Amino acid sequence: MRIEWSHVNKQYAEGENGPYRLRKRTGLLDFTVTLKEGVTAVLGPKGSGKTTLLRVTATLSVPDDGRITYRTFGGRQYTWSRSIAAMGDTSPLEPLRRRLGYVPPHKKLNQDDVLLEDALVYLAQYHRLSQPKKQAVEMVARWGLAAFRKRTLAELPAAAASRYALAASLIGDPDIWLLDEPTRGLDELGWHLFLRELERRKGKGITLMAIHDLELAEVAENLLLVEGGSCRRLGRRKLLTSGVPDGSVASWYRMMQSFSSQGKTGGS
Ligand SMILES: Nc1ncnc2c1ncn2[C@@H]1O[C@H](COP(=O)(O)OP(=O)(O)OP(=O)(O)O)[C@@H](O)[C@H]1O
């Protein structure tokens, strides 16, 4: 399976700046990449477009331009683009959405008064799983959430909310797992369970995780470096980091950042 982003653009209007000018912020700029199976860490400075990339890929946000093509297991193909969104009926994308798990950057669900276990049952029903209650109970056990089963999502402490976000995204065992700052708010148990899940996912489907933690990036199979909304580098982690003395992602990332700041200052 693979995902192909082809000339994807996304801009945000920042607000009026004077009567006739609308300032724009770049989310993605001519983003063109093909990604195959494996765990890929999406790295880049603040505001480089990581969240935008995950949101458009999750079909939660509409690209202004370009298209994303998903070639999934079983030979099925889906496309997400502005023209498809404009048609109004996105039901042909539903099978894709059911094979896709997304973890948002902010895990705390302040408004939600659904009980945690019920929320997982609803998700299992949405994913058309057999025995949704059983699936929910299993997920509760797997993510150490038994003590919170009968709490509403709004009541969850931060660590449990972070574990719930991961558990919810994994209902239905998605082929595509999109994680935005997945370790934000996680406690020690959450970290342990998350790392175990990542190991399980290696080489199985596509996992894209936007992270700032360069140590965590060491568990990824691929690195995708985003800058100014575009892909600056994509490759096997081992290959990319073989060029730096200690072979670490942190050193490689620093080297890439120092190249870009030299470029901006004319190499001085
Ligand atoms: N909803 C929005 N409205 C206006 N501008 C936005 C919005 N979302 C993102 N942006 C802008 O788009 C650019 C890319 O943002 P994005 O959140 O995708 O970057 P990021 O790499 O995820 O950043 P961070 O590492 O801080 O999470 C930034 O300039 C950001 O300010």
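In this text the structure is predicted, and so the values were computed from the model without any measurement.

Caption draft 1: Local environment of the site of the ligand. Surveying the vicinity of the ligand reveals the residues Y12, E14, R25, G27, G44, K46, G47, S48, G49, K50, T51 and T52. Of all the elements in the fold, those that place two or more residues in the shell around the ligand are strand 1 (2-16), strand 2 (22-36) and helix 1 (50-57). In terms of residue class, the shell around the ligand is made up of one nonpolar, seven polar and four charged.

Caption draft 2: The arrangement of the sheet that holds strand 6 (residues 100-103) in detail. Across the sheet, six strands lie side by side as 6-7-8-3-9-10; this open sheet has mixed pairing. Both outer strands of the open sheet, strand 6 and strand 10 (230-236), are each paired with one neighbouring strand and no more. Shown here is a sheet whose adjacent strand axes are inclined to one another by a mean of 15 degrees, direction ignored. Pairing between strand 6 and strand 7 (residues 176-180): four bridges, direction parallel. For V103, the partnering residue across the bridge sits in strand 7 and is L179. Against the sheet, helix 6 (residues 158-170) makes contact with strand 6 and strand 7, and its axis sits at roughly 170 degrees relative to strand 6, the strand it touches most.

Caption draft 3: Local environment of the confidence of the model for the protein. Model confidence for the protein is summarised by a mean pLDDT of 91, while 93% of its residues fall at 70 or above. Of all the helices and strands in the protein, helix 9 (residues 249-264) carries the lowest mean pLDDT, 83, while helix 1 carries the highest, 98. Overall fold confidence for the complex sits at a pTM of 0.92, while the interface term, ipTM, reaches 0.97.

Caption draft 4: Here's a closer look at the nonpolar core. Judged by nonpolar contacts, the single largest core of 62 residues is most densely connected at A41, V42, L43, L120, Y164, L178 and L223. When residues in this core are grouped by element, the largest group, seven residues, is from helix 6. Beyond its immediate chain neighbours, meaning those up to four positions away, L43 contacts I211, A217, L223, L225 and Y253.

Caption draft 5: Quick look at unusual backbone geometry. Within the chain, Q131 stands out as a residue other than glycine whose phi angle is a positive 50 degrees. Of note, Q131 is situated in the loop between helix 4 (116-126) and helix 5 (132-142). In this model, D173 sits at a positive phi of 50 degrees, which is unusual for a non-glycine residue. With respect to the secondary-structure elements, D173 resides in the loop between helix 6 and strand 7.

What counts, and at which threshold
Residues numbered from 1 in each chain as written. Predicted model: local features only at pLDDT ≥ 70, side-chain atom pairs only at ≥ 80, totals over all residues. Near = placed C-beta within 6 Å. Helix = DSSP H or I, 4+ residues; strand = E, 2+ residues; numbered from the N terminus. Nonpolar A, V, L, I, M, F, W, Y, C, P; charged D, E, K, R; others polar. Pairing = 2+ DSSP bridges. Axes fitted to C-alpha atoms, helices over the stretch in contact; angles between N-to-C directions. Contact = placed C-beta atoms within 7 Å. pLDDT = per-residue confidence, 0-100. Core = buried A, V, L, I, M, F, W, Y, C linked by C-beta atoms within 7 Å. Buried ≥ 20, exposed ≤ 12 C-beta atoms within 10 Å, placed from the backbone.

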